[in-house]
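# What the coordinates show
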Amino acid sequence: MNFSSEELTTSNLSQLQFRLDTLRDAYHHGVTPRQVYQEFRRRLAAWADPALFIHVAEEADLEPLLTRLESVPPTLPLYGIPFAIKDNIDWEVLPTTASCPAYAYHPSKSARVVERLIEAGAFPVGKTNLDQFAAGLVGTRSPYGTPRNARGPQWIPGGSSAGSASAVAAGLVAFALGTDTAGSGRVPAGFQELVGCKPTRGWLSNQGVVPAVRSLDCVSLFTNSVAEAQVLLKLLARHDPQDPWSREVLPRRTSLGPSLVLGVPKKSQWAFFGDHDYEKAYETVLEDWTRRGAQFKEFDFEPFRQAAKELYEGPWLAERRVVVRDLWPHPEVFHPITRKVLEGTRSFLPEEVFEAGYRLKEIQTYAESLWSQFDALVLPTAPTLPTLEEVAANPLALNTRLGYYTNFVNLLDLSALALPGKRTPEGRPFGFTLLGGAGADFQLLALGKIWETSQMPSWGESVLAVAGAHLRGMPLNYQLTERGGHFLQEARTAPHYQLFAFQDGQLLKPGVVRSSAPQSTSLEVELWDIPLAHWGSFTAQIPHPLGLGKLELSDGQWVTGFLLMPGYEGTLQDITHHGGWRKFLDRRNGTD
């Protein structure tokens with residue numbers, strides 16, 4: 001939402017999208033970082049999920065940062081951008097727990113990535129929940145509880161960076177830091193319709209990060225858009241002499257040729273474990289890329305599958321025990337599933353360790369050979385999205401399935417970018433991942449922009465435009481959310497509609513009518529995606545004289561929207577000049 005100086009009110013801030021571009025615009029129109037922090041606290045209270053953050057920063061904790069920002073113009077690249085930190089990454093203000101209270105400590109300094117973000121003007125708001133010691137892809141292995149999936153509370157949030165993904169998806173922060181060893185920065189992005197950037201190993205500093213598998217760990221980024229991920233990666237991707245695992249990375253080419261060639265596994269190697277809707281969603285992604293002019297060629301996925309087995313059956317699993325060895329004599333401090341996973345490690349003979357290294361080197365050579373044939377590989381981010389109930393009944397097997405397309409990536413020194421696809425018919429989020437070699441990060445981001453540009457403007461038949469009581473924060477919004485509906489974006493109608501207020505019993509309601517003459521203003525609406533399976537029960541609740549029809553947006557597209565049906569005989573008050581129902585109510589109630 002964009003602001004003019006006379007529109008800056010607390011009510012407006014509640015509608016402000018926490019994104020880099022919208023926040024930058026708000027700051028140039030007089031909003032302050034302190035107001036944004038206070039709005040974060042209001043949203044966090046309204047979100048009411050005690051498992052989301054392990055620690056939340058108080059205003060006093062942020063006073064030095066807020067005071068500094070108040071003393072300088074809003075020209076820093078991340079001026080006043082609120083972000084969240086996965087609680088296995090140090091911030092000197094709050095404890096680090098790695099989701100294990102017995103392990104908790106108060107760091108003497110912040111992780112280098114946190115320092116760089118603060119130097120760029122961003123401010124942290126807290127430490128998010130995770131699968132204990134980053135050991136899991138489900139997001140349910142924490143003594144602090146399970147963060148809510150912002151796209152549907154019945155589904156797992158994905159892990160291990162569960163809280164970081166949920167904080168961004170819920171609109172509480174503009175971006176979040178996660179980590180990724182076997183998919184922890186990609187699976188939660190896929191399950192919550194975010195961009196998940198898993199950089200080339202060693203390009204972002206791991207100084208101040210609690211290791212999971214130290215030789216493989218990466219700091220990852222959760223954002224709402226590819227452009228935001230690109231901004232953050234450019235700020236953070238640099239060598240850190242304080243991190244022995246940091247390295248200089250030579251970026252691969254970022255200019256894409258006229259013929260885009262993408263790799264896809266042989267169909268016989270696809271695995272969706274009976275989830276036919278997820279398989280169809282993957283096929284839809286491939287079809288959409290084909291419409292963008294991409295050509296697909298098959299590659300042999302079996303070497304990647306063999307590499308993935310090394311992560312949990314080879315000596316790298318034993319590496320997970322290094323960080324917890326002092327706690328190992330005290331089994332009560334571990335989450336039961338985490339303990340069970342780590343108990344699966346065994347001692348490896350020296351010969352076995354070297355043999356595993358030889359096998360991995362052969363697969364790395366195979367993977368490197370692919371980049372002369374493909375601009376990127378396109379894989380599902382995960383083969384299925386289970387419910388909380390399903391994971392509770394079968395925690396180990398389902399977690400293993402979720403890593404089918406992710407576990408091998410860091411072992412093979414690949415870069416990865418997770419992107420949202422289209423939802424399944426029942427409304428489950430689906431995501432896919434672009435893979436490239438080491439240093440291909442910005443090439444993947446360029447491809448991600450192609451995808452994002454082609455997807456965002458084209459609204460499908462499941463999209464509904466709402467203009468009144470179904471807006472966020474309004475009395476009937478629950479009718480959308482309880483059916484799995486999720487907010488897409490704010491929009492405006494074409495300037496061909498009038499907005500009326502009318503009395504229906506004790507309730508004042510809005511009605512949109514297409515006008516025969518152009519109007520001086522367009523109307524504010526919100527676009528929501530409603531699972532097709534729930535449209536019947538939703539439309540059954542719409543009372544006369546309202547109905548659904550086609551509504552033209554300012555960009556020329558037509559979507560389904562609420563309209564006032566012909567033949568209404570009551571009194572209508574023309575409120576078109578207000579530009580929207582929310583502004584009409586604000587001015588009527590004296591809050592604007």
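Preceding this section is the structure that the text describes.
None of the values given here were measured: they were computed from a predicted structure. (Residues numbered from 1 in each chain as written. Predicted model: local features only at pLDDT ≥ 70, side-chain atom pairs only at ≥ 80, totals over all residues. Heavy atoms only, no water.)

Right, let's get into unusual backbone geometry. Where the residue is not glycine, phi is negative for most of them; where a peptide bond is considered, it is trans in most cases. In this structure, the amide linkage connecting Gly159 to the following residue, Ser160, adopts the cis form with an omega of 0 degrees. Secondary-structure assignment places Ser160 in the loop between β3 (123–128) and α6 (162–169). That bond from His544 to Pro545 is cis: its omega, 10 degrees, falls within 30 degrees of zero. Relative to the helices and strands, Pro545 resides in the loop between α18 (535–539) and β17 (546–552). Phi is positive for Glu193, which is not a glycine, with a value near 60 degrees. Mapping Glu193 onto the fold places it in the loop between α7 (187–191) and β5 (195–198). Non-glycine residue Phe273 carries a positive phi angle of around 50 degrees. The topology assignment puts Phe273 in the loop between β7 (261–265) and α9 (276–291). Taking the relative accessible area as the measure of exposure, Phe273 reaches 40% and is therefore partly exposed. (Helix = DSSP H or I, 4+ residues; strand = E, 2+ residues; numbered from the N terminus. Buried < 20%, exposed > 50% of the residue type's maximum accessible area, 1.4 Å probe, protein only.)

This next bit is on the packing of aromatic side chains. In the structure shown here, the tally under the stated rule is 30 aromatic pairs. Between Phe301 and Tyr405 the ring centres are 5.7 Å apart and the planes differ by 45 degrees, which places this aromatic pair in the tilted class. Remark: Tyr405 occurs in the loop between α15 (395–402) and β10 (415–420) and Phe301 occurs in the loop between β8 (295–299) and α10 (302–313); sequence separation between them is 104 residues. Aromatic pair Tyr404 and Tyr405: ring centres 4.8 Å apart, planes at 80 degrees, arrangement edge-to-face. Using a relative accessible area of 3% as the deciding quantity, one classes Tyr405 as buried. Linked through ring pairs, Trp270, Phe272, Phe273, Tyr282, Phe299, Phe301, Phe304, Tyr366, Phe374, Tyr404, Tyr405 and Phe408 together constitute an aromatic cluster. Seen from the ring of Phe18, Arg43 lies directly overhead, with NZ or CZ sitting 3.9 Å from the centre. (Phe/Tyr/Trp six-rings, centres within 6.5 Å; stacked < 30°, edge-to-face > 60°. Lys NZ or Arg CZ within 6 Å of the ring centre and 35° of its normal.)

What follows is about the sheet that holds strand β18 (residues 558–564). Spatial ordering of the open sheet is given by β13-β16-β12-β18-β17, a layout of five strands whose pairing is mixed. At either end of the open sheet lies a strand with only one pairing partner, and these are β13 (486–492) and β17. Between one strand axis and the next, the sheet turns through 35 degrees on average, direction left out of account. When strand β12 (residues 463–466) meets strand β16 (residues 524–529), the two strands line up antiparallel, connected through four bridges. (Pairing = 2+ DSSP bridges. Axes fitted to C-alpha atoms, helices over the stretch in contact; angles between N-to-C directions.)

Once that is clear, we can look at the pattern of salt bridges. Between side chains of opposite charge, a pair can form as their charged atoms come close. The final tally for this structure, using the stated rule, is 28 salt bridges. We note a salt bridge from Glu115 to Arg112, for which the minimum N-O separation is 2.9 Å. Linking Glu115 with Arg112, this pair stays in helix α5 (residues 112–119), spanning three residues, or about one helical turn. For Glu115, a relative accessible area of 23% gives the class partly exposed. We note a salt bridge from Glu302 to Arg305, for which the minimum N-O separation is 3.0 Å. One end of the pair, Glu302, and the other, Arg305, are both in helix α10, three residues apart, so they sit about a helical turn from each other. (Salt bridge = Lys/Arg side-chain N within 4 Å of Asp/Glu carboxyl O.)

Helix length check: α9 (16 residues) gives 23 Å between terminal C-alpha atoms against 22 Å at 1.5 Å per residue, within 8%. Of the residues making up α9, those classed as buried are Tyr278, Ala281, Tyr282, Thr284, Val285, Leu286, Asp288 and Trp289. Downstream of α9 by a residue or two, Gly293 has a phi angle that is positive, lying close to 95 degrees. (Expected span 1.5 Å × (residues − 1).)

In terms of burial, β3 is a largely internal element, six of the six residues being buried. Pairing of strand β1 (residues 53–56) with β3 involves three bridges; the strand directions are antiparallel. Along β3, the bridge assignment pairs Val56 with Gly126. Note: strand β2 (residues 82–86) against β3, four bridges, orientation parallel. Bridge pairing in β3 links Ile85 to Lys127. Each parallel crossover has a hand, and for β2 linked through α5 to β3 it is right-handed. (Right-handed = clockwise from strand over helix to strand, strands pointing away.)

The antiparallel open sheet is built from three strands, whose spatial order is β15-β14-β19. Strands with a single pairing partner mark the edges of an open sheet, and in this sheet they are β15 (507–514) and β19 (573–574). As paired elements, strand β14 (residues 497–504) and β15 share eight bridges and run antiparallel to each other. From the neighbouring strand, Leu499 faces β15, where its bridge partner is Val512.

A complete count under the given rule lists zero disulfides for this structure. Lacking any disulfide linkage, Cys218 is separated from the closest cysteine sulfur, that of Cys197, by 9.8 Å. A relative accessible area of 4% means that Cys218 is categorised as buried. (Disulfide = S-S within 2.5 Å.)

Here we take up the nonpolar core. Grouped together as the largest cluster of nonpolar side chains are 131 residues, with contacts concentrated most on Val114, Trp289 and Phe408. Here this core gets six residues from one element, more than from any other, and that element is α9. Val466, Leu499, Trp528 and Val559 belong to the second largest nonpolar core, which has 34 residues in total. (Core = buried A, V, L, I, M, F, W, Y, C linked by side-chain atoms within 4.5 Å.)

Geometric values such as these leave the question of function open.
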